[in-house]
Amino acid sequence: MKKTLYLKFILAYFIFGVFSFIIVTTFVPSMTIEHLVREKAEHLYVEAVRIADTYAAGLYASETDLETVKDQLDSLAFYLDSTIRIINPSGRLVLDTDVSLNVEEEVTIENFDPTATSGSYYMVNDFFGNFDRDMISVFSPITYRYVVKGYVVIHCDMQEIQESCNSLLNISYITLVILFLLSLIILIFFTEMVYIPLRKITYATEQYASGNMHYEFQVESDDEIGYLAACLNYMASQIAGAEDDQKKFVANVSHDFRSPLTSVRGYLEAMIDGTIPPEMHDKYLNIVLNETERLTKLTNSLLSLNNLNTKGMLLDRTDFNINQILRTTAASFEGTCRKKTIVIEMILTGEELYVTADMEKIQQVLYNLLDNAIKFSHHDSVIKVETSVKNNKMFVSVKDSGIGIPKDDLKLIWDRFYKSDLSRGKDKKGTGLGLSIVKEIINCHGENINVISTEGVGSEFIFSLPLSEDEED
Ligand code: ADP
């Protein structure tokens with residue numbers, strides 16, 4: 001068996017792992033750093049606004065002197081772990097918490113442009129070339145008498161943000177690895193619940209395909225795969241059963257054909273080589289004729305059974321008078337009945353009783369049942385044929401007081417080629433196919449046939465047929 005399914009699943013598993021890794025190492029870091037920068041900037045902006053409104057405003061209103069403001073901002077910068085600056089709109093540095101106060105030395109930030117943040121309150125860069133690395137710089141204007149006197153700018157090193165981002169990312173990577181390992185559980189489930197049962201099913205299918213229909217296998221699960229396995233097992237057992245039946249059937253047919261052919265051949269050879277003298281020829285030719293009749297009957301029965309099987313439900317249903325058919329079928333047995341002084345008593349519902357069925361096939365059913373009833377009846381006895389109507393159905397009963405059927409045989413008489421030991425003496429021409437044909441025909445009509453029989457007392461066969469619509473109430 002090709003192991004492609006398993007390989008495909010493992011491949012899918014690794015593709016999943018690789019994609020998860022790519023996503024976590026590309027999108028997640030940029031999103032995390034963006035989030036951290038924004039959060040830091042928001043926090044610093046609140047501080048910058050506060051400084052602009054209090055210490056710096058006081059400075060420009062000349063309420064406090066530069067030194068006091070510097071002291072206060074130094075400690076705040078230390079607390080915020082950042083650099084706080086007050087810058088004039090022209091770019092001149094008024095105060096820098098990283099540098100000690102020196103009024104003499106004038107420091108100007110080249111290209112200082114407070115509008116460079118383009119609508120935002122912060123920017124991430126080297127602050128107009130003033131730093132040798134990237135910084136988050138937050139702006140807040142200092143206004144005095146509605147005029148912008150300067151800006152409070154707080155700088156925070158991006159290095160710091162990068163470090164906290166890295167420690168957060170490490171957590172994400174560890175989580176990813178744990179998730180990847182945990183998803184191995186899916187692989188184990190897949191192996192146990194899908195792959196192994198599927199292998200068993202495939203192996204079993206290979207066995208069936210190679211003709212080993214008796215191969216049995218077990219998949220113990222209540223899910224769809226378990227159901228599939230059970231169905232496959234059942235299908236194989238049914239095919240195996242059908243195969244056995246077929247073998248039995250062919251064996252029976254061959255046996256039933258061989259015995260009359262052997263005796264015909266034996267008699268004819270004996271006549272040709274003179275073992276049977278010419279004056280005895282008539283007697284043995286009659287026996288040969290009887291045997292050929294038996295072969296014809298057997299062939300006809302086999303053909304009927306075959307047609308019933310292949311045509312299935314294809315019945316030529318018409319409305320016909322069953323009472324009339326019963327009378328004509330019974331009449332065809334007049335000669336045989338006379339020989340055994342058997343009387344067929346007809347207890348019919350009246351002149352006419354219409355049913356909807358395949359007339360020819362029902363005729364065959366009646367023929368087979370009456371033929372059996374006569375065959376297995378004693379001399380000087382009565383066979384009762386009765387029709388009745390119950391619950392919009394018509395019932396036909398064929399009852400004899402013959403040899404009866406042993407209790408153990410009752411279920412077997414419907415099987416093909418079945419002949420009870422009791423009947424063998426009485427009926428040498430029987431094929432054992434009559435009742436299987438009867439049952440097949442009645443079942444094709446969607447109806448049932450039953451038998452009530454007591455050994456040594458007699459048998460009664462009853463079957464039902466649908467009444468034609470005119471007969472129904
Ligand atoms: P066959 O052509 O040999 O009669 P059937 O299928 O018609 O084959 O019958 C099968 C067996 O059922 C017979 O061999 C006989 O043992 C039993 N059987 C059928 N009908 C009767 C009956 N009316 N009385 C006693 N036995 C019967």
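Here goes a summary of the coordinates provided. Throughout, a residue's number is its position along its own chain's written sequence, starting from 1. The predicted origin of the model limits local features to residues at a pLDDT of at least 70 and limits the giving and counting of side-chain atom pairs to 80 or more, whereas totals for whole chains, interfaces and linings rest on all residues. Excluding hydrogens and water, the side-chain figures rest on all heavy atoms present in the structure.

**What about the overall build of the protein chain?**
Working step 1: Per the secondary structure count, the protein chain includes 12 helices and 12 strands.
Working step 2: Throughout, the radius of gyration refers to the C-alpha atoms, and the reference size of a globule is 2.2 Å times the residue count to the power 0.38. Against the compact-globule benchmark of 23 Å for 473 residues, the protein chain has a radius of gyration of 53 Å, which places it well outside the compact range.
Working step 3: Dimensions of the protein chain, computed from the C-alpha atoms along their principal axes, are close to 160 × 65 × 35 Å.
Working step 4: The contacts in the protein chain between residues at least 6 apart in sequence include a share of 67% that link residues at least 24 apart.
Working step 5: Residue burial considers only the protein chains on display, and all accessible areas are found by Shrake-Rupley using a 1.4 Å probe. For the protein chain, the accessible surface area stands at approximately 28,000 Å², while carbon and sulfur atoms represent 56% of it.
Working step 6: For the purpose of charge, His is not counted, nor are the chain termini; Lys and Arg are scored as positive and Asp and Glu as negative. Lysine's charge is taken at NZ, arginine's at CZ, aspartate's at CG and glutamate's at CD. Averaging the locations of the 42 positively and 67 negatively charged side chains of the protein chain gives two centres separated by 16 Å. The secondary structure listing takes helices from DSSP runs of H or I that are at least 4 residues long and strands from runs of E that are at least 2 residues long, numbered from the N terminus. Whether two residues are in contact is decided by their heavy atoms, any of which lying within 4.5 Å being enough.

**Focus on the packing of helix H5 (residues 184-209) against helix H6 (residues 224-272)**
Working step 1: Their axes nearest at 10 Å, the elements H5 and H6 cross at an angle of 15 degrees. As the angle between them shows, H5 and H6 are arranged roughly parallel. The element H5 and its partner H6 pack so that their crossing is left-handed. Residue-level inspection shows Met193, Val194, Pro197, Ile201, Thr205 and Tyr208 of H5 in contact with H6, the latter providing Ile225, Leu228, Ala229, Leu232, Asn233 and Ala236.
Working step 2: The residue inventory of the contact of H5 with H6, partitioned by class, reads 10 nonpolar, two polar and no charged. The angle between two axes is taken between their N-to-C directions and runs from 0 to 180 degrees, where each axis is a line fitted to C-alpha atoms and a helix contributes only its stretch in contact. We call two directions roughly parallel when the angle between them is under 35 degrees, roughly antiparallel when it is over 145, roughly perpendicular when it lies between 65 and 115, and oblique otherwise. Crossings are assigned a handedness: left-handed for a near helix turned anticlockwise from the far helix by less than a right angle, right-handed for a clockwise turn. Just so you know the grouping, Ala, Val, Leu, Ile, Met, Phe, Trp, Tyr, Cys and Pro go in nonpolar, Asp, Glu, Lys and Arg go in charged, and all remaining residues, Gly too, go in polar.

**Focus on the packing of helix H8 (residues 322-331) against helix H10 (residues 359-375)**
Working step 1: At their nearest, the axes of H8 and H10 sit 10 Å apart, and the two run at 45 degrees to each other. When the axes of H8 and H10 are compared, the pair comes out oblique. For the pair H8 and H10, the sense of crossing is right-handed. Contacts between H8 and H10 involve Ile322, Ile325, Leu326, Thr329 and Ala330 from the former and Met359, Ile362, Gln363, Leu366, Tyr367 and Leu370 from the latter.
Working step 2: Of the residues that constitute the contact of H8 with H10, the class distribution is nine nonpolar, two polar and no charged.

**Examining the side chain of Glu47**
Working step 1: Relative to the helices and strands, Glu47 is located in helix H1 (residues 4-53).
Working step 2: In contact with Glu47, not counting residues within four places along its chain, are Leu76, Leu80 and Ile154.

**Re the pattern of salt bridges**
Working step 1: Salt bridges are counted wherever a side-chain nitrogen of Lys or Arg sits within 4 Å of a carboxyl oxygen of Asp or Glu. Following the criterion strictly, the structure yields 13 salt bridges and no others.
Working step 2: Measuring nitrogen to oxygen at the nearest pair gives 3.8 Å for the salt bridge that ties Asp371 to Lys375. Here Lys375 and Asp371 lie together in helix H10, a separation of four residues that amounts to about one turn. Of the two residues, Asp371 and Lys375, both sit in the buried class. Buried means the residue's accessible area, taken with a 1.4 Å probe over protein chains only, is under 20% of the maximum for its type, while exposed means over 50%, and partly exposed covers the values in between.

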